[in-house]
Amino acid sequence: MATEIFTGTAVKVTDVEKLSPGEKLGLLPGDVLLKIGKREPLEALEMPSILEEIGAEKEWITVQRDQIIFRVATIGGATGITLEPYPLQGEVSLEVKEG
């Protein structure tokens, strides 16, 4: 098992448009995006097209909701969400099964 460590600044979902790809992924206001595919979350603020491109790349978004951390597959992208910077309080870790 491997451990992923997240530190620094993530992004927080502040709004999700009805029937958008972001809603279809199950994203909710208040979710914290720790990683967007291979990219750091702040890149989505600088280049919102990343949220569309990630669907074609079939990557994962790592999400923290309350005390639960999980991943969602991004088929169809993650557009239709509004984000803001969110400073993480210390380290956030996720145990990942390899293989």
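Look above for the structure.
Nothing here was measured: the structure is a model prediction, and the numbers come from that model.

Student: What is the right way to look at the overall build of the protein chain in this model?
Tutor: Counting its secondary structure elements, the protein chain contains three helices and seven strands. For the protein chain, the N- to C-terminal ordering of α and β elements is β-β-α-β-α-α-β-β-β-β. When the backbone C-alpha atoms are referred to their principal axes, the protein chain occupies close to 35 × 30 × 20 Å. Within the protein chain, the fraction of its 99 residues that count as buried is 39%. Residue pairs in contact within the protein chain that sit at least 24 positions apart in sequence constitute 65% of those at least 6 positions apart. For the protein chain, the accessible surface area stands at approximately 6,000 Å², while carbon and sulfur atoms represent 51% of it. The centroid of the 10 positive side-chain charges in the protein chain is displaced by 6 Å from the centroid of its 17 negative side-chain charges.

Student: How do you make sense of the sheet that holds strand β6 (residues 81-87) when you look at a structure like this?
Tutor: Each strand in a sheet pairs with its neighbour through backbone hydrogen bonds, running either in the same direction (parallel) or in the opposite one (antiparallel). Across the sheet, which stays open at both edges, the five strands sit in the order β5-β4-β3-β2-β6 with antiparallel pairing between neighbours. With one partner strand each, in any of the chains shown, β5 (68-73) and β6 form the two edges of the open sheet. The average angle at which neighbouring strand axes cross in this sheet is 35°, direction not considered. In this sheet, strand β4 (residues 60-65) lies alongside strand β3 (residues 32-36) in antiparallel orientation, the contact comprising four bridges. Paired with V32 across the bridge in β4 is Q64. The sheet strands contacting helix α3 (residues 50-57) are β3, β4 and β6, and the helix crosses β3 at an angle near 55°.

Student: I tried to follow the nonpolar core on my own but got confused; where do I start?
Tutor: If you look at soluble globular proteins, the nonpolar side chains tend to sit buried side by side. Counting 17 residues, the largest nonpolar core has L33, I36, L51, I61, I81 and L83 as its most contacted members. Put simply, the parts of the chain that give this core at least two residues each are β2 (9-16), β3, α3, β4 and β6. Beyond its immediate stretch of four places on either side in the chain, L51 contacts I36, A44, G77, A78, T79, I81 and L83. Core analysis: the second largest hydrophobic core is formed by eight residues, A10, V32, L34 and L94 among them.

Student: Any chance you could explain the pattern of salt bridges here in plain terms?
Tutor: According to the stated counting rule, one finds four salt bridges in the structure shown. A salt bridge links K35 to E40; the nearest nitrogen and oxygen atoms lie 2.8 Å apart. Note that E53 is salt-bridged to R39, the shortest N-O span being 3.8 Å. Here E53 is found in helix α3, whereas its partner R39 is found in the loop between β3 and α2 (42-46), with 14 residues between them in sequence. The exposure class assigned to E53 is partly exposed, which follows from its relative accessible area of 34%. Relative accessible area serves as the criterion here: at 18%, R39 is assigned to the buried category.

Student: Even after reading the chapter, I still don't get the environment of T62, so can you show me in this structure?
Tutor: Here T62 is to be found in strand β4. Taking C-alpha positions, T62 is 5.9 Å from L33, a pair spaced 29 residues apart along the chain. Those residues in contact with T62 that lie beyond four places of it in its chain are F6, V32, L33, L34, K35, I69, F70, R71 and L94.

Student: Is there a simple way to think about the side chain of D31 in this case?
Tutor: Within the secondary structure layout, D31 lies in the loop between α1 (21-24) and β3. A distance of 2.8 Å separates the side chain of D31 from the backbone nitrogen of L28, its partner in a polar contact. If sequence neighbours within four positions are ignored, D31 has contacts with V11, K12, V13, G26, V63, Q64 and R65.

About the thresholds
Within each chain, residue numbers correspond to sequence positions counted from 1 in written order. In keeping with the model being predicted, local features are shown solely for residues with a pLDDT of at least 70 and side-chain atom pairs are shown and tallied solely at 80 or more, while totals for entire chains, interfaces and linings include all residues. Excluded from the side-chain calculations are hydrogens and water; all other atoms, namely the structure's heavy atoms, are used. Numbering of helices and strands starts at the N terminus; helices are DSSP runs of H or I of at least 4 residues and strands are runs of E of at least 2. In this scheme, a residue with accessible area under 20% of its type's maximum is buried, one over 50% is exposed, and one in between is partly exposed, where area comes from a 1.4 Å probe on protein chains only. Note on definitions: a residue-residue contact is assigned when non-hydrogen atoms from the two residues lie within 4.5 Å. Each accessible area is a Shrake-Rupley estimate made with a 1.4 Å probe; only the visible protein chains count as cover when residues are assessed. For the purpose of counting charges, residues Lys and Arg are taken to be positive, whereas Asp and Glu are taken to be negative. His and the chain ends are not included. Lys charges are placed at NZ, Arg charges at CZ, Asp charges at CG and Glu charges at CD. Should DSSP find at least two bridges between two strands, the strands are taken to pair. Lines are fitted to the C-alpha atoms to define the axes, a helix being fitted only along its stretch in contact, and any angle between axes, read from their N-to-C directions, falls within 0 to 180 degrees. Side-chain atoms within 4.5 Å are what join buried Ala, Val, Leu, Ile, Met, Phe, Trp, Tyr and Cys residues into a set we call a nonpolar core. By definition here, a salt bridge exists when the distance from a side-chain nitrogen of Lys or Arg to a carboxyl oxygen of Asp or Glu is within 4 Å. Any pair of N or O atoms that falls within 3.5 Å is considered a polar contact. Within protein, one atom must be able to donate a hydrogen and the other to accept it, and sequence-neighbouring residues count only if both atoms are side-chain atoms.

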